[in-house]
Amino acid sequence: MMADTATVKIFLVQGDPASLRTAEISNWTGKAVAGPRSELDDILGRDEAQKPGVYFLIGVNPDTGKDRVYIGEAEVVKDRIKKHVEKDFWRSVVFFVSKDENLTKAHIKYLEGKLIEKSQKADRYELDNSNASGSHLPEPDAADMEVFLAKIEQLMPVLGHDFLQAVAPTKPGARKSALLNCIIKGIQATGRPTEKGFVVTKGSEAVLKERPSTNKYPYAANLRQQLRDEAVLTEQDGKLVFSKDYEFSSPSAAAAVIHGGQANGLISWKNSAGETLKEIEEKEISNK
């Protein structure tokens, strides 16, 4: 389902887009404050940090190299975030509060529980905390918080974080004309372009052995090993198989994993008529 259109207002407090900033959506009572850990004093010194809200601590797990997030709630955001200074993985913080101060403890616990569920379902980042008690709300309050939740989901990618966004599943038999195939040595994979790159669908295959060129250009080999370590790729009957839909940064990155070495995704991916992704894109552009 397509999200509602929205007008987003972002204020760069220090004029730097990577620095402290606030974000709001027109006709919404919520407000986001975001910034790097290096500016924590300025972030927590804002009036918004004195309010109840939900917050995200975002960084990289130094042991695995994977993106990591902590999701929490607090009646006073400032006080709770200060207690997380001993966590060294996070490099940026985002928190959401209500401008009309109508968020209660029950509201923010409800939001925290839902946000953790959504992050787990999206499976993009590691979760530093995976348990949340949540909160049961009266039906009108729950409906209001679902609206607040939807606005958080809408704003987070604008602020540079997509861990709440699940990869849209490819339904069997749906829009087959939009699906592309990558075939090599009897191995076949299926995928489709997305806003963020390219998704290879569950059940797709990749060659088991890597090309000698990976000794000189190890990107594909390293990514394949990462996917094997994460059980995204599993060995079956002399080939590798995708255990779930997986989103790559580009068609070429996806093709390289499937081919076991460097590959041009614009040529490697073809539709059922044999047209390459490059030809499809050129046709779409010429028709506009």
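Residues numbered from 1 in each chain as written. Predicted model: local features only at pLDDT ≥ 70, side-chain atom pairs only at ≥ 80, totals over all residues. Heavy atoms only, no water.

**Focus on the nonpolar core**
The nonpolar side chains of a soluble globular protein tend to be buried, and buried together. Core analysis: the largest hydrophobic core is formed by 31 residues, its most contacted members being Phe56, Phe96, Ile152 and Met156. Every element with two or more residues in this core is listed here: β2 (21-25), β3 (30-36), β4 (53-60), β5 (67-74), β6 (90-98), α3 (105-122) and α4 (139-158). Considering every element that reaches this core, the biggest residue donor is α4, with 7 residues. With 25 residues, the next largest nonpolar core counts Leu180, Val200, Phe242 and Ile258 among its residues. (Core = buried A, V, L, I, M, F, W, Y, C linked by side-chain atoms within 4.5 Å. Buried < 20%, exposed > 50% of the residue type's maximum accessible area, 1.4 Å probe, protein only. Helix = DSSP H or I, 4+ residues; strand = E, 2+ residues; numbered from the N terminus.)

**Quick word on the packing of helix α5 (residues 219-229) against helix α6 (residues 251-259)**
The interhelical angle for the contact between α5 and α6, taken along N-to-C directions, is 80°, at an axis separation of 9 Å. As judged from the angle between their axes, α5 and α6 are roughly perpendicular. Along its contact with α5, which presents Tyr219, Ala220, Leu223, Arg224 and Leu227, the element α6 presents Ala253, Ala256, Val257 and Ile258. In terms of residue class, the contact of α5 with α6 is made up of 8 nonpolar, no polar and 1 charged. (Axes fitted to C-alpha atoms, helices over the stretch in contact; angles between N-to-C directions. Parallel < 35°, antiparallel > 145°, perpendicular 65-115°, else oblique. Contact = heavy atoms within 4.5 Å. Nonpolar A, V, L, I, M, F, W, Y, C, P; charged D, E, K, R; others polar.)

**A look at a nonpolar patch on the surface**
A cluster of nonpolar side chains, namely Val8, Ile10, Leu12 and Val158, defines an oily patch on the protein surface of about 270 Å² accessible area. Per-element tally for the nonpolar patch: the top contributor is strand β1 (residues 8-12), with 3 residues. The residue Ile10 is located in strand β1 in this model. (Patch = residues over 30% accessible without salt bridge, like charges linked within 9 Å, V, L, I, M, F, W, Y side chains within 5 Å. Areas by Shrake-Rupley, 256 points an atom, 1.4 Å probe, with all protein chains shown as cover. Salt bridge = Lys/Arg side-chain N within 4 Å of Asp/Glu carboxyl O.)

**Considerations on the environment of Asp41**
The residue Asp41 is located in helix α1 (residues 40-44) in this model. Expressed as a C-alpha distance, the spacing of Asp41 and Lys78, which sit 37 residues apart in the sequence, is 9.8 Å.

**Observations concerning the pairing of β6**
Put simply, side chains in a regular strand alternate between the two faces of the sheet. Of all 9 residues in β6, 8 are buried, a share of seventy percent or more. With 7 bridges connecting them, β3 and β6 associate as antiparallel partners. Across the sheet, residue Val33 finds its bridge partner in β6, namely Phe95. Judged from the 7 bridges that link them, β4 and β6 form a sheet pairing that is antiparallel. By the bridge assignment for β6, Leu57 is matched with Val93. (Pairing = 2+ DSSP bridges.)

**A word on the side chain of Ser268**
Locating Ser268 in the fold gives a position in helix α7 (residues 265-268). Look at Ser268 and you get buried, because its relative accessible area is 15%. Setting aside residues up to four positions removed in sequence, Ser268 forms contacts with Asn181, Cys182, Ala255, His259 and Ala263.

**Describing the sheet that holds strand β7 (residues 126-127)**
As summarised here, the arrangement of the 7 strands in space is β1-β2-β3-β6-β4-β5-β7, forming an open sheet in which the pairing is mixed. Either end of the sheet is taken by a strand with one partner, and the two such strands are β1 and β7. Relative to the sheet, α4 contacts β1, β2, β3, β4 and β6, its axis offset from that of β6 by approximately 145°.

**Here we look at the pairing of strand β12 (residues 233-236)**
For β12 and strand β13 (residues 239-242), the ladder comprises 4 bridges, and the chain directions are antiparallel. Paired with Thr234 across the two strands is Val241, which belongs to β13. Where β12 folds back on β13, the antiparallel hairpin that results is connected by 2 residues, among which Asp237 adopts a positive phi of roughly 50°.

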